[in-house]
Amino acid sequence: MAERLVVLSDMWGIRKGLWVTSYLGYLQQHYDIVYYDCQELAQINIENETEENLHDAFVSGGIDTAVMELLKKEGNAKSSRYLAFSTGGTIAYKAGLAGLPIKFLYAVSATRIRKEIQKPLFNTRFIYGSNDKFRPTDVWASNLDVELSIMEGFDHNFYSEEKIMKDICQEFLAMVSICKCNV
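The structure displayed is predicted, hence computed values, not measured ones.

Asker: Requested: an account of the overall build of the protein chain, with residues and values cited.
Answerer: For the protein chain, the count of helices and strands is six helices and six strands. Of the regular secondary structure in the protein chain, the N- to C-terminal order runs β-α-β-α-α-β-α-β-β-α-β-α. Computed over the C-alpha atoms, the radius of gyration of the protein chain is 15 Å, within 12% of the 16 Å expected from 2.2 N^0.38 for a compact globule of 183 residues. With respect to the three principal axes, the spread of C-alpha positions in the protein chain is 50 × 35 × 30 Å. For the protein chain, restricting intrachain contacts to residue pairs at least 6 apart in sequence, the fraction spanning at least 24 positions comes to 60%.

Below you can see the structure in the form of structure tokens.
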């Protein structure tokens, strides 16, 4: 039986997130994947979908709504691995702090996570581009006793680049191999 992997989109969801299908394609043979569009979790339906309008909708209650929805949908599931992008990383992190059974959170370019002050009780990997203006500081990481992985020369949306997709998927495929060896 394949291990469960929950994937959370960035704030654009599937509308501008066709790149996420590459991740799903790479990983679907090795994981039982559940995908969530963060706009749907947040119950956001904006007619004029600009970056600013979406950001405002998430900040003014959308993130909290998405956390509650994720807890409703996944709260009784077995502990799973999470792969989350941008706003999705923040939603997964906050849900994990609220009791979501997370085995491992791999958060890529997680926005607003830099405002969190509670240390996670689950395994994490935070990865950012060196030019990401939403990246937490080293002081934040030290205070929460978490490690930040920095990809030199990349900005916030680097997760949609083919090379990065392959690198991240290789890490997840290695996790499957490790898990099978430990059985």
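There is more to say after this.
Asker: If you had to explain the nonpolar core to someone new, which residues and values would you point to?
Answerer: One finds Leu8, Phe58, Ile91, Leu105 and Phe126 to be the most contacted residues of the largest nonpolar core, which totals 38 residues. Top contributing element to this core by residue count: helix α3 (residues 51-74), with eight residues.

Asker: Describe the sheet that holds strand β4 (residues 102-108), with residues and values.
Answerer: Strand order in this open sheet of six strands is β2-β1-β3-β4-β5-β6, and the pairing throughout is parallel. A strand with exactly one partner marks an edge of an open sheet, and here the two such strands are β2 (31-36) and β6 (148-151). Taking each pair of neighbouring strands and ignoring which way they run, the sheet shows an average axis angle of 20°. α3 contacts β1 (3-8), β2 and β3 (80-85) of the sheet and is inclined by roughly 145° relative to β2. Each of β1, β3, β4 and β5 (123-129) is contacted by helix α4 (residues 87-97), which is oriented at about 145° to β3, the strand it contacts most.

Asker: An account of helix α1 (residues 20-27) is needed here, citing residue identities and associated values.
Answerer: Inspection of α1 places Val20, Tyr23, Leu24 and Leu27 among the buried residues, and these make up the whole buried set. Here the buried residues of α1 occupy an arc of 95° about the axis, which is enough to place them on one side.

Asker: Describe unusual backbone geometry, and please don't skip the residues or the numbers.
Answerer: With a phi angle near 55°, Ser109 is a residue other than glycine that sits in the positive phi range. Tracing the chain through its elements places Ser109 in the loop between β4 and β5. Of note, the phi angle at Arg112 is positive, near 65°, even though the residue is not glycine. Counting through the fold element by element, Arg112 comes out in the loop between β4 and β5.

Asker: Any chance you could break down the pattern of salt bridges for me, citing the residues and the numbers?
Answerer: Applying the stated criterion across every chain yields a total of eight salt bridges. With a shortest N-O distance of 2.9 Å, Glu171 and Arg125 are connected by a salt bridge. With Glu171 in helix α6 (residues 162-181) and Arg125 in strand β5, this residue pair connects regions lying 46 residues apart in the sequence. In this structure Arg125 comes out as partly exposed when scored by relative accessible area, which is 24%. A single salt-bridge network, built from bridges that share partners, covers Glu3, Arg81 and Lys103.

Parameters and conventions
- Residues numbered from 1 in each chain as written.
- Predicted model: local features only at pLDDT ≥ 70, side-chain atom pairs only at ≥ 80, totals over all residues.
- Heavy atoms only, no water.
- Helix = DSSP H or I, 4+ residues; strand = E, 2+ residues; numbered from the N terminus.
- Rg over C-alpha atoms; globule rule 2.2 N^0.38 Å.
- Contact = heavy atoms within 4.5 Å.
- Core = buried A, V, L, I, M, F, W, Y, C linked by side-chain atoms within 4.5 Å.
- Buried < 20%, exposed > 50% of the residue type's maximum accessible area, 1.4 Å probe, protein only.
- Pairing = 2+ DSSP bridges.
- Axes fitted to C-alpha atoms, helices over the stretch in contact; angles between N-to-C directions.
- Arc of directions from axis to C-beta.
- Salt bridge = Lys/Arg side-chain N within 4 Å of Asp/Glu carboxyl O.

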